[in-house]
Amino acid sequence: MPKKAVVVLSGGLDSTTCMGIAQAAGFETYPLTFHYGQRHSREVEQAKKIAAFYNVPNHRIVDLDFLKQIGGSALTDERIDVPVGQKNGEESEDIPPTYVPARNLIFLSLAAAYAETIGAEVIYIGVSAVDYSGYPDCRPEFIRSMNETVGLATKAGVTGAGIRIEAPLAHLSKKETIEWGLKLGVPYELSTSCYQGGSEACGECDSCRLRLKGFEEAGAKDPILYKKG
């Protein structure tokens, strides 16, 4: 039987890279996408296309609309503005308004439940602590803590089968992530990063700027469309 891996697939650059990494490692991949009431559904639609690219028959999309009801983030509450115009790679000590409260904590808990149900031994998630984000749930210490928690809170953990969480991009810059993905033939043209969710990326939000900077430093052209400005 092939080894199984759950991939938390948002449709973004990092999670798409994780799909390529899991595939290259020989796993039978089970992508898991969350519709959590984010500003736009484009990333969910792109995740479907990425799963189709990898010919994955088991792509689960889970409705977590209650995160929109909770709010507290520029990605789930339209009353909070998405920051734009920040300099490429500029870091801040503040947690940005695009942080969604406990998002990765919830995502990984559900991914662990799914992994245990299908007998997967690993969960891939594309968090990065190196480039600008400021998100507390993207830090390596959070991933280590979740690994311990999953081991204590699941049947697979207490019976010895085990489920481990892998965050292969945690210590990589966007440049290094993109270089790895390009070597693996990752379909970046199908991914989306823009917080605005248009058919053409805005090129101005933090996510767009970080992505553009990564491609520039990797010496490659970003294959998605951007608004001309």
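Here the structure is a predicted model, which is why all the values come from computation and not from measurement.

Colleague: What is the right way to read the pairing of strand β1 (residues 4-8) from this model?
Modeller: On a regular strand, one side chain projects to one face of the sheet and the next to the other, so that they alternate. Burial of β1 is extensive: 5 of the 5 residues sit out of reach of the surface. With burial as the criterion, each face of β1 is covered, one bearing K4, V6 and V8 and the other bearing A5 and V7. Where β1 lies against strand β2 (residues 28-35), 5 bridges are found, and the strand directions are parallel. Looking at β2, one finds that A5 is bridged to T29. The parallel pair β1 and β2 is bridged by helix α1 (residues 13-24), and the resulting crossover is right-handed. Sheet analysis places β1 next to strand β4 (residues 122-124), joined by 3 bridges and oriented parallel.

Colleague: Looking at this structure, I do not really get α1. What am I missing?
Modeller: Since the α-helix advances by 3.6 residues per turn, residues separated by three or four positions end up pointing in the same direction. In this model α1 runs 17 Å from its N-terminal to its C-terminal C-alpha over 12 residues, within 8% of the 16 Å that 1.5 Å per residue would give. With 10 of 12 residues buried, α1 is to be regarded as a mostly interior element. Looking at α1, one finds that the buried residues are L13, D14, S15, T16, T17, C18, M19, G20, I21 and A22. Its buried side turned inward, α1 meets β1, β2, α2 (42-53), β4, α7 (174-184) and α8 (206-217). Positioned one or two residues after α1, G26 has a phi angle of 90°, which is positive.

Colleague: Before we go on, may I ask you to explain the sheet that holds strand β3 (residues 60-63) in this structure?
Modeller: Strand pairing in a sheet relies on backbone hydrogen bonds. The paired strands run either parallel or antiparallel. Taken in spatial order, the 5 strands line up as β3-β2-β1-β4-β5 in an open sheet, and their pairing is parallel. Every interior strand has two partners, whereas the edge strands, β3 and β5 (164-166), have only one. In this sheet, adjacent strand axes meet at a mean angle of 25° when their direction is disregarded. In this structure, β2 lies alongside β3, joined through 4 bridges in parallel fashion. When the sheet's bridge partners are listed, F34 is paired in β3 with V62.

What counts, and at which threshold
Residues numbered from 1 in each chain as written. Predicted model: local features only at pLDDT ≥ 70, side-chain atom pairs only at ≥ 80, totals over all residues. Heavy atoms only, no water. Buried < 20%, exposed > 50% of the residue type's maximum accessible area, 1.4 Å probe, protein only. Helix = DSSP H or I, 4+ residues; strand = E, 2+ residues; numbered from the N terminus. Pairing = 2+ DSSP bridges. Right-handed = clockwise from strand over helix to strand, strands pointing away. Expected span 1.5 Å × (residues − 1). Contact = heavy atoms within 4.5 Å. Axes fitted to C-alpha atoms, helices over the stretch in contact; angles between N-to-C directions.

Fair warning: the whole summary comes from geometry, so function is off the table for now.
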